[in-house]
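A structural walkthrough
Read off the chains here:
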Amino acid sequence: MVQKVHIHISSFLDNNEWEILEKFCGKCTRLLATKLAREGGGNIRGKITFDVQNPTYFEVNLPPEEQIVEFLTAFRFFYQQKEPTHFPKILNIVGKHATHSNVKIALKGLKKQWGNSLFNNTMEITHNDTPVTSSHLFNLWFNAYYFHSDPDKMRELENMMAVMSESFVKYMLLKAAYGATNVIFKLYNGGFQKMVTEHYSSSSV
């Protein structure tokens, strides 16, 4: 049974916090407009085949690269720590003003889902004896390939690709990003959009 948790924080937010939440909703609208988000993840599929007599086989289906770039460009505003819309910062704003125990449990759950957006802890993949996590994948792909060109991170990414194939490592990135996107939309569609819209509509009257 799904339990709904109602959070009443609008009367406690200061102007700066309202501006941040408005930016958050704006970035959510932009993310929702991407083709991958509109199509529910598109054709992101991957499978690992194990056979004792043959090498491990990675089978992947990915959307076109232009859709990937569009999606990650919109998503990065929730991942990058320097952005005001960094998702954990948004959760902190809510947690600052919502003290009910059920709310704290719900926020803790969202934070955990955000951190475990790659396979939701149903499978663990390691590389060089280190678990491959969503944050690690974002760090490598964003800083070595999509938005920056850090040579050390590029070497690490290439090493991972040599073991698991470029397409499967990219599949894991998209799986993690789309999983995290679903967590973002839980907050956005759960009342944030309506709250922010009503606040700025009443402010303009």
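Description of the structure in this document. Model, not experiment: these values are computed from the prediction.

**What about the overall build of the chain?**
- Helix and strand counts for the chain stand at eight helices and four strands.
- Along the chain direction, N to C, the helices and strands of the chain fall in the order α-α-β-β-α-α-α-β-β-α-α-α.
- Split into buried and exposed, the 205 residues of the chain put 40% on the buried side.
- Contacts spanning at least 24 positions in sequence make up 71% of the contacts within the chain whose residues lie at least 6 apart.

**Re the nonpolar core**
- Judged by nonpolar contacts, the single largest core of 64 residues is most densely connected at Phe 24, Phe 75, Met 172 and Ile 184.
- Secondary structure elements with two or more residues in this core: helix 1 (15-32), helix 2 (35-38), helix 3 (65-79), helix 4 (87-97), helix 5 (101-115), helix 6 (134-146), helix 7 (151-164) and helix 8 (166-203).
- The dominant element in this core, judged by the number of residues it contributes, is helix 8, at 18 residues.
- Beyond its immediate sequence surroundings of up to four residues, Phe 24 is in contact with Phe 78, Thr 85, Phe 87, Ile 90, Ile 184, Leu 187, Tyr 188 and Phe 192.

**Some points on the packing of helix 1 against helix 4**
- Contact geometry of helix 1 with helix 4 gives a least axis separation of 11 Å together with a crossing angle of 135 degrees. On the basis of the axis angle, helix 1 is oblique to helix 4. Regarding helix 1 and helix 4, the two cross each other, and that crossing is left-handed. Taken together, the residues of helix 4 that come into contact with helix 1 (itself represented by Glu 17, Ile 20, Leu 21 and Phe 24) are Phe 87, Ile 90, Ile 93, Lys 96 and His 97.
- Looking at the contact of helix 1 with helix 4 residue by residue, the classes come out as six nonpolar, one polar and two charged.

**Describing the side chain of Thr 73**
- You can see Thr 73 is positioned in helix 3.
- With a relative accessible area of 18%, Thr 73 lands in the buried category.
- Of note is the side chain of Thr 73, whose polar atom sits 2.6 Å from the backbone oxygen of Val 69.
- Residues in contact with Thr 73, not counting those within four places in the same chain, are Arg 30 and Phe 147.

**Concerning the environment of Ser 11**
- Mapped onto the secondary structure, Ser 11 falls in the segment before helix 1.
- On a C-alpha basis, the gap between Ser 11 and His 97 in space is 9.4 Å, while along the polypeptide they are 86 residues apart.

**A few points about the packing of aromatic side chains**
- Inspection of the entire model under this criterion finds 18 aromatic pairs.
- Each ring, one from Phe 24 and one from Phe 78, has its centre 5.7 Å from the other, and the planes form 90 degrees; the classification is edge-to-face. Of the two residues, Phe 24 sits in helix 1 while Phe 78 sits in helix 3, which places them 54 residues apart along the sequence.
- For Phe 24, a relative accessible area of 0% translates into the label buried.
- For Phe 78, a relative accessible area of 0% gives the class buried.
- Ring geometry for Phe 75 and Phe 142: centres 6.5 Å apart, planes at 75 degrees, overall edge-to-face.

**Some remarks on the environment of Phe 77**
- Looking at the element boundaries, Phe 77 is found in helix 3.
- Given the relative accessible area of 13%, Phe 77 is considered buried.
- When the C-alpha positions of Phe 77 and Lys 27 are compared, they lie 7.3 Å apart, and in sequence the two are 50 residues distant.
- Each residue touching Phe 77, except ones within four places of it in the same chain, is listed here: Lys 27, Arg 30, Glu 83, Thr 85 and His 86.

Definitions and limits used
Residues numbered from 1 in each chain as written. Predicted model: local features only at pLDDT ≥ 70, side-chain atom pairs only at ≥ 80, totals over all residues. Heavy atoms only, no water. Helix = DSSP H or I, 4+ residues; strand = E, 2+ residues; numbered from the N terminus. Buried < 20%, exposed > 50% of the residue type's maximum accessible area, 1.4 Å probe, protein only. Contact = heavy atoms within 4.5 Å. Core = buried A, V, L, I, M, F, W, Y, C linked by side-chain atoms within 4.5 Å. Axes fitted to C-alpha atoms, helices over the stretch in contact; angles between N-to-C directions. Parallel < 35°, antiparallel > 145°, perpendicular 65-115°, else oblique. Left-handed = near helix turned anticlockwise from the far one by under 90°. Nonpolar A, V, L, I, M, F, W, Y, C, P; charged D, E, K, R; others polar. Polar contact = N/O pair within 3.5 Å; in protein donor to acceptor, adjacent residues only side chain to side chain. Phe/Tyr/Trp six-rings, centres within 6.5 Å; stacked < 30°, edge-to-face > 60°.

Honestly, it's all geometry; don't read function into it.
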